[in-house]
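Spelled out from the first residue to the last, the chains are:
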Amino acid sequence: MKALVLAAGLGTRFKSKRPKVVHRILGKPMVWYVVSTLRQAGIQDIGVVVGYKAEEVRDVLGDEVTYLHQRDPKGGTGDAVLSAMEFWKDHEGYLLVVNGDSPLILPETVRNLQRFVHMVEEYEGVKISCAVLTTFLSDPTGYGRVIKEEGTDRILRIVEERDATPEERAVREVNAGLYAFFAPHLKEVLPEVGPSEATGEIYLTEVVSLMTSRGMEVRSFMATDPTEALGVNTRWDLSIAENVLRLRIIRFWSDRGVTFHLPETVWLDPDVTLGEEVEIEPDVTLKGKTKVGPGVRIGRGSYVENASIGEGVTVLPYSVVIGATVEPGATVGPFSHIREGTVVGQKAEIGAFVEVKRSRIGSGVKAKHLAYIGDAEVGEGANIGAGVVTANYDGKKKHKTFIGKGTFVGSNSLLIAPVSLGDESYVAGGSVITKDVPEGALAVSRSPMRLFEGKGRKKLKD
Ligand code: UD1
Ligand code: MG
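Attention here is on the structure that accompanies the text. Because the structure is a prediction, the values reported are computed rather than measured. (Residues numbered from 1 in each chain as written. Chains lettered and ligands numbered in written order. Predicted model: local features only at pLDDT ≥ 70, side-chain atom pairs only at ≥ 80, totals over all residues. Heavy atoms only, no water.)

## Some thoughts on the overall build of the protein chain
Stage number 1. If you tally the helices and strands in the protein chain, you get ten helices and 39 strands.
Stage number 2. A globule of 462 residues ought to have a C-alpha radius of gyration of about 23 Å, yet the protein chain, at 31 Å, is considerably larger.
Stage number 3. By principal-axis analysis of the C-alpha atoms, the protein chain measures approximately 105 × 50 × 45 Å.
Stage number 4. Counting the 462 residues in the protein chain, one finds 50% classified as buried.
Stage number 5. Contacts in the protein chain between residues at least 24 apart in sequence constitute 42% of all its contacts with a sequence separation of at least 6. (Helix = DSSP H or I, 4+ residues; strand = E, 2+ residues; numbered from the N terminus. Rg over C-alpha atoms; globule rule 2.2 N^0.38 Å. Buried < 20%, exposed > 50% of the residue type's maximum accessible area, 1.4 Å probe, protein only. Contact = heavy atoms within 4.5 Å.)

So, in structure tokens, the structure goes:
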């Protein structure tokens, strides 16, 4: 089976300078969903018709599909399939054609449509020239209406909204934009479709009435779920499609042992993976290739992108974790910022208003309040006091800070990199450390405190 994706249109109703099909839904281009649905349905030979700003569509889909060019992006869906003749003209079997703006079609529906065609052929002994995916919508506005022979699933024609009579407009069965054409029959009929009087476009849907007038068999096949029919023509349609996909993904993980609190507020990209017994609180965003291990709890309002969160980790509310690894049993947050290239070791505790960038935090380390740790290596079991800062940037270059195992860095200390604190060393609070501290040493670097008896009260009264 071959498949052809139509992605050459101007997308006028979308009001964008970019092709409509490259706009993102949950971080992936709309057309990516169409191609990945076809792949999941077992179809490898995929052609994509491009035209308007073809380069941008190529950029998002890469070179694992065949590109065909439509010269006139206003030519219409029929013209798009004609422009791709090269791809299918010698094909003796079925050609699936799918709109690039139909991201909600499910892989199982694509599979079932193919099965349906084979079943009808086998059991009824008729050759299906075209099978069209349809569904019933309570509001069919904007879709092609499917006009059928009463009481059967034989389609007589598909009428576009603007050409429909009031009676036809009242029909609630719509064309979902996925077709299985017997390629030799399509080749015979498609070149004969004339341009629409209203728009001058060549409608692919016109093929249907031409086929039936020649005694060819056109059947409808019902979508598994009516949301599959959604064609994304406007930005609002995109928001709706994104919401449907988001809830599908949440449902998928929910069925695999993940609890979502207020799922309507949770954002989950399609490539995110979640372990069993994960608990996701409201307003959480999980993006990119984030992997979340079993038993993890992600607190309200947290944002996690391209991160790996190990088994049993707790991310307390309002934390941001991007491009980092948090090892099993660690705790992050509330209000922590864990940045790219960071590894937070097992059972470490990173607390409120602590920012960590490109650092290795050893297991059991505690940095629980108000610290900046950048380009550092922090040994096992070290304690980083409130307000500790690694001054890793001298205005020109970044430098590294090493903090030994079991080392204690007192509150509000400034570690000016490059600098190294040995294992089990001790930095007194408020110190400015500019030289290496040997293993086991105590470093104090601050002006001695002075006391003046009674002078405080006097100053207050002055
Ligand atoms: C189309 C169908 C309509 C169906 C609906 C489902 C036709 C004539 N109408 O309408 O019956 O109910 O989809 O969503 O087919 N494209 C090209 N080249 C073109 C024009 C369009 O490649 O010249 C591509 C677009 O990029 C888009 C797809 O074809 O991905 C569908 O085109 P669109 O203009 O959105 O068709 P609809 O009006 O939605
Ligand atoms: Mg459309």
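## Quick look at the coordination of the magnesium ion (ligand 2)
Stage number 1. At the metal site, the magnesium ion (ligand 2) is ligated by Asp101 (OD) and Asn233 (OD1), and these contacts range over 2.0 to 2.2 Å. Taken together, the positions of aspartate 101 in the loop between β6 (94-99) and α5 (107-124) and asparagine 233 in the loop between β11 (217-222) and α9 (235-254) put the pair 132 residues apart, joining distant regions of the chain. Asparagine 233 shares its class with aspartate 101; the two are buried. (Donors = N, O, S within 2.8 Å, 3.2 Å for Na, K, Ca; no water.)

## A few points about the environment of threonine 390
Stage number 1. Mapped onto the elements of the fold, threonine 390 is located in strand β32 (residues 389-391).
Stage number 2. Placed 356 residues apart in sequence, threonine 390 and valine 34 show a C-alpha to C-alpha distance of 48 Å.
Stage number 3. Discounting residues that sit within four places of it in the chain, threonine 390 has contacts with Tyr372, Ile373, Gly374, Ala376, Thr401 and Leu415.

## A look at the pairing of strand β4 (residues 45-50)
Each regular strand carries side chains that alternate between the two faces of the sheet.
Stage number 1. Of all six residues making up β4, five are buried, and the element is well covered by its neighbours.
Stage number 2. The pairing of strand β1 (residues 2-6) with β4 spans five bridges and is parallel. Bridged to leucine 6 within β4 is valine 49.
Stage number 3. Taken together, the four bridges between β4 and strand β5 (residues 66-69) define a ladder with parallel strand orientation. Its bridge partner lying in β5, valine 49 is registered against leucine 68.
Stage number 4. For the handedness criterion, the β-α-β arrangement of β4, helix α2 (residues 54-61) and β5 is classed as right-handed. (Pairing = 2+ DSSP bridges. Right-handed = clockwise from strand over helix to strand, strands pointing away.)

## Thoughts on unusual backbone geometry
Stage number 1. With an omega dihedral of 0°, the bond running from glycine 333 to proline 334 counts as a cis peptide bond.
Stage number 2. Mapped onto the fold, proline 334 is located in the loop between β24 (331-332) and β25 (337-338).
Stage number 3. In the Ramachandran plot, aspartate 283 falls in the positive-phi region, its phi being about 60° despite a non-glycine side chain.
Stage number 4. Position of aspartate 283 relative to the elements: it lies in the loop between β15 (279-280) and β16 (285-287).
Stage number 5. With phi around 60°, phenylalanine 335 is a residue other than glycine that occupies positive phi space.
Stage number 6. Inspection of the secondary structure puts phenylalanine 335 in the loop between β24 and β25.
Stage number 7. Taking the relative accessible area as the measure of exposure, phenylalanine 335 reaches 40% and is therefore partly exposed.

## Points about the pattern of salt bridges
Stage number 1. Counting across every chain of the model gives 28 salt bridges.
Stage number 2. Where arginine 300 meets aspartate 283, a salt bridge forms, and the shortest distance between an N and an O atom there is 3.0 Å. Taken together, the residues arginine 300 in the loop between β18 (297-298) and β19 (303-305) and aspartate 283 in the loop between β15 and β16 connect sequence positions 17 residues apart.
Stage number 3. Judged by its relative accessible area of 33%, arginine 300 falls in the partly exposed class.
Stage number 4. Overall, aspartate 283 belongs to the partly exposed group, its relative accessible area being 36%. (Salt bridge = Lys/Arg side-chain N within 4 Å of Asp/Glu carboxyl O.)

## Here we look at the side chain of asparagine 392
Stage number 1. Tracing the backbone shows asparagine 392 in the loop between β32 and β33 (401-403).
Stage number 2. Asparagine 392 sits in the buried class, given a relative accessible area of 6%.
Stage number 3. Engagement of the side chain of asparagine 392 in a polar contact is seen with the side chain of tyrosine 372, the distance being 3.3 Å.
Stage number 4. Those residues within four positions of asparagine 392 in sequence are excluded, and the remaining contacts are Lys357, Tyr372, Gly374, Asp375, Lys397, Lys398, His399 and Ala417. (Polar contact = N/O pair within 3.5 Å; in protein donor to acceptor, adjacent residues only side chain to side chain.)

## Brief notes about the site of ligand 1
Stage number 1. Every one of the 23 residues lining ligand 1 counts as a neighbour, but Gln70, Gly76, Thr77, Glu160 and Asn175 are closest to it.
Stage number 2. In the environment of ligand 1, an oxygen atom lies 3.3 Å from a nitrogen or oxygen atom belonging to the backbone of glycine 100.
Stage number 3. One nitrogen or oxygen atom from the side chain of asparagine 233 is found 3.0 Å from an oxygen atom belonging to ligand 1.
Stage number 4. For ligand 1, the accessible surface in isolation is 750 Å², of which the surrounding protein chains cover 92%.
Stage number 5. Residue classes in the shell around ligand 1 are distributed as seven nonpolar, twelve polar and four charged. (Near = heavy atom within 4 Å. Areas by Shrake-Rupley, 256 points an atom, 1.4 Å probe, with all protein chains shown as cover. Nonpolar A, V, L, I, M, F, W, Y, C, P; charged D, E, K, R; others polar.)

## Some remarks on the pairing of β1
Stage number 1. In terms of burial, β1 is largely enclosed, as five of its five residues are buried.
Stage number 2. Along β1, one buried face is formed by Lys2, Leu4 and Leu6 and the opposite face, lined by Ala3 and Val5, is buried too.

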